[in-house]
Amino acid sequence: MKGFKLVLLFLLPVIIVGKEYLPSFMENQQLEDLKEQFQSLLFDQDSKVKVTSIRMEDNVIALKVNVLNVELNEKNKESISRNSRELLPGKICNSAGLSEWLANGKWISIDVTANGTKAVTNVRVTYENCT
């Protein structure tokens, strides 16, 4: 009986702590999986561009994308911005799951940065972009 009480005393804090942190851990894992899926969808094997974060709310999926190792000047910024606005909506609209998301009145917002901190542009994709 004493052994059972000792095990119970040990397991009780583990269960309490587990109930506190497990949902947060699972949510973070799901977001990491989604980040990898968006990386694959949008940039295939391009190692110069990385999806750095994702946030999901009721009506929006917000992505942050970073273009690595680029000397950002006005010409490059304009080029990256133009390419982002031309390429990203098409890739998102061609995804069956995301086109359904957009058809329900929701949207996807993609913040494009260079070298981690320098803002380049924001691309907002809605259902209207796909039709």
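Keep in mind it's a predicted model, so treat the numbers as computed, not measured. (Residues numbered from 1 in each chain as written. Predicted model: local features only at pLDDT ≥ 70, side-chain atom pairs only at ≥ 80, totals over all residues. Heavy atoms only, no water.)

Enquirer: Help me understand the overall build of the protein chain, please; the structure alone is not making it clear to me.
Expert: Broken down by element type, the protein chain carries four helices and four strands. When the 131 residues of the protein chain are sorted by exposure, 29% land in the buried category. Surface exposure of the protein chain reaches about 9,200 Å², of which carbon and sulfur atoms provide 55%. (Helix = DSSP H or I, 4+ residues; strand = E, 2+ residues; numbered from the N terminus. Buried < 20%, exposed > 50% of the residue type's maximum accessible area, 1.4 Å probe, protein only. Areas by Shrake-Rupley, 256 points an atom, 1.4 Å probe, with all protein chains shown as cover.)

Enquirer: Explain the pattern of salt bridges here, please?
Expert: Side-chain pairs of opposite charge can arise where the charged atoms are in close proximity. Under the defined criterion, the tally for this structure stands at three salt bridges. Between K35 and E32 there is a salt bridge, with the nearest N and O atoms lying 3.3 Å from each other. On the criterion of helical spacing, the pair formed by K35 and E32 is a turn pair, its members being three residues apart in helix α1 (residues 2-43). (Salt bridge = Lys/Arg side-chain N within 4 Å of Asp/Glu carboxyl O.)

Enquirer: Looking at this model, I keep getting lost on the state of the cysteines. Mind explaining?
Expert: Among covalent bonds in proteins, the disulfide is the one between the sulfur atoms of two cysteines. Inspection of the entire model under this criterion finds one disulfide. Covalently, C93 is tied to C130 through a disulfide, its sulfur atoms 1.7 Å apart. Handedness here is read from the sign of the S-S torsion; for C93 and C130, about -70°, the answer is left-handed. Remark: C130 occurs in helix α4 (residues 127-130) and C93 occurs in helix α2 (residues 74-93); sequence separation between them is 37 residues. Judged by its relative accessible area of 17%, C93 falls in the buried class. (Disulfide = S-S within 2.5 Å.)

Enquirer: I keep staring at the nonpolar core and nothing clicks. Help me out?
Expert: For soluble globular proteins, the rule of thumb is that nonpolar side chains tend to be buried together. Counting 25 residues, the largest nonpolar core has F38, L42, I61, L63, I92, I108 and I110 as the members making the most contacts within it. Once you skip the residues sitting within four places of it in the chain, F38 turns out to touch F43, V51, I54, I61, L63 and L98. (Core = buried A, V, L, I, M, F, W, Y, C linked by side-chain atoms within 4.5 Å. Contact = heavy atoms within 4.5 Å.)

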